[in-house]
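These are the residues of each chain, in order.
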Amino acid sequence: MTPPLLRRHAEALDLFTERVHTVGPDQWDAPTPCTDWSVRDLVNHLTAEQLWVPRLVTEGATAQEVGDALDGDVLGDDPVDAWDAAAAGSRAAFGAPGALGRTVHLSYGDTPASAYCAQMTSDLVVHAWDLSRGIGADERLPEDLVNLAVREITPYAAELEKSGLFAAPVEPPPGADVQTKLLSLLGRRV
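Calculation criteria
Residues numbered from 1 in each chain as written. Predicted model: local features only at pLDDT ≥ 70, side-chain atom pairs only at ≥ 80, totals over all residues. Heavy atoms only, no water. Helix = DSSP H or I, 4+ residues; strand = E, 2+ residues; numbered from the N terminus. Rg over C-alpha atoms; globule rule 2.2 N^0.38 Å. Buried < 20%, exposed > 50% of the residue type's maximum accessible area, 1.4 Å probe, protein only. Core = buried A, V, L, I, M, F, W, Y, C linked by side-chain atoms within 4.5 Å. Contact = heavy atoms within 4.5 Å. Lys, Arg positive; Asp, Glu negative; His and termini not counted. Salt bridge = Lys/Arg side-chain N within 4 Å of Asp/Glu carboxyl O. 1 Å grid on protein atoms, 1.4 Å probe; cavity = no way out; pocket = protein on both sides within 12 Å on 5 of 7 lines; lining within 4 Å. Points joined across faces, edges and corners; volume = space filled by probe spheres on them. Nonpolar A, V, L, I, M, F, W, Y, C, P; charged D, E, K, R; others polar.

The next point concerns the overall build of the protein chain. Check the secondary structure of the protein chain and you find eight helices and two strands. In the protein chain, the succession of helices and strands from N to C terminus is α-α-α-α-β-β-α-α-α-α. The globule rule puts the C-alpha radius of gyration for 190 residues at 16 Å, and the 16 Å found for the protein chain is close to it. C-alpha extents for the protein chain along the principal axes are approximately 45 × 40 × 35 Å. Within the protein chain, the proportion of its 190 residues that are buried is 48%.

Here's what the structure looks like:
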């Protein structure tokens, strides 16, 4: 039986994959809610993140050993194929027997692979919304994935802004649903 976290990770990969496959040829340079990132930049970021997973989870490499090997353009001439290959590698690495029980060596220290998987799943969920907004696709996120992201991100949300990589939280509108509250927590204006 597949653990719930792996099911959510697979669903998040599928969601982002569906959005990547929806990008029109003239949309790769379109802006996204991520400051200074085009659609291509956003997909490149998520593709590079997925490429890290086999190295950290399966191979046991440290963030320092991988270094800057995945910096820059990892999409090449076919962004969709590059994404598909990276997503397949991430899915296989996290789904390998015993993978979620391992320790991964991230830039900020040793972390249970299960926590890394939850972080990656949450990132996929939020960036699926960013990509949807950038290409004009359906922005509604699956409730189970939103709930996982809220549980994952809430404990360290205040630290995200301090990193300089995330916008300051914004006040959600009165009566906002959980998805809007999640996005507001991460500085997205819905």
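As a further point, take the nonpolar core. If you look at the biggest cluster of nonpolar residues, it comprises 36 residues, and the most contacted ones within it are Phe16, Val20, Val39, Val43, Trp83, Leu131 and Ile153. Contributing elements (two or more residues each) for this core: helix H1 (4–22), helix H2 (39–58), helix H4 (79–95), helix H5 (113–135), helix H6 (143–153), helix H7 (157–162) and helix H8 (178–185). Not counting residues within four places of it along the chain, the set of residues in contact with valine 39 comprises Val23, Gln27, Trp28, Ala30, Pro31, Thr32, Leu131, Gly134 and Ile135.

Moving on to the side chain of aspartate 123. By the secondary structure assignment, aspartate 123 is in helix H5. Buried within the structure, aspartate 123 lacks any salt-bridge partner; its nearest side chain of opposite charge belongs to arginine 188, at an N-O separation of 6.4 Å. Excluding residues that lie within four positions of it along the chain, aspartate 123 makes contacts with His45, Leu46 and Glu49.

Moving on to the environment of leucine 141. Along the chain, the position of leucine 141 falls in the loop between H5 and H6. When the C-alpha atoms of leucine 141 and tryptophan 52 are compared, they prove to be 25 Å apart, with 89 residues separating the residues in sequence. Residues in contact with leucine 141, not counting those within four places in the same chain, are Leu15, Val125, Ala128, Trp129, Val146 and Gln179.

All right, on to empty space enclosed by the protein then. Gaps left between atoms are located by rolling a probe of water-molecule size over the structure's atoms. For the coordinates displayed, the defined rule picks out one cavity of 30 Å³ or more. Residue lining of the largest cavity: Ala157, Leu160, Glu161, Phe166, Ala167, Pro169, Leu185 and Leu186, and that is the complete set. Counting residues per element, the lining of the largest cavity draws most heavily on H7, which supplies three residues. Partitioned by chemical class, the residues of the lining of the largest cavity number seven nonpolar, no polar and one charged.

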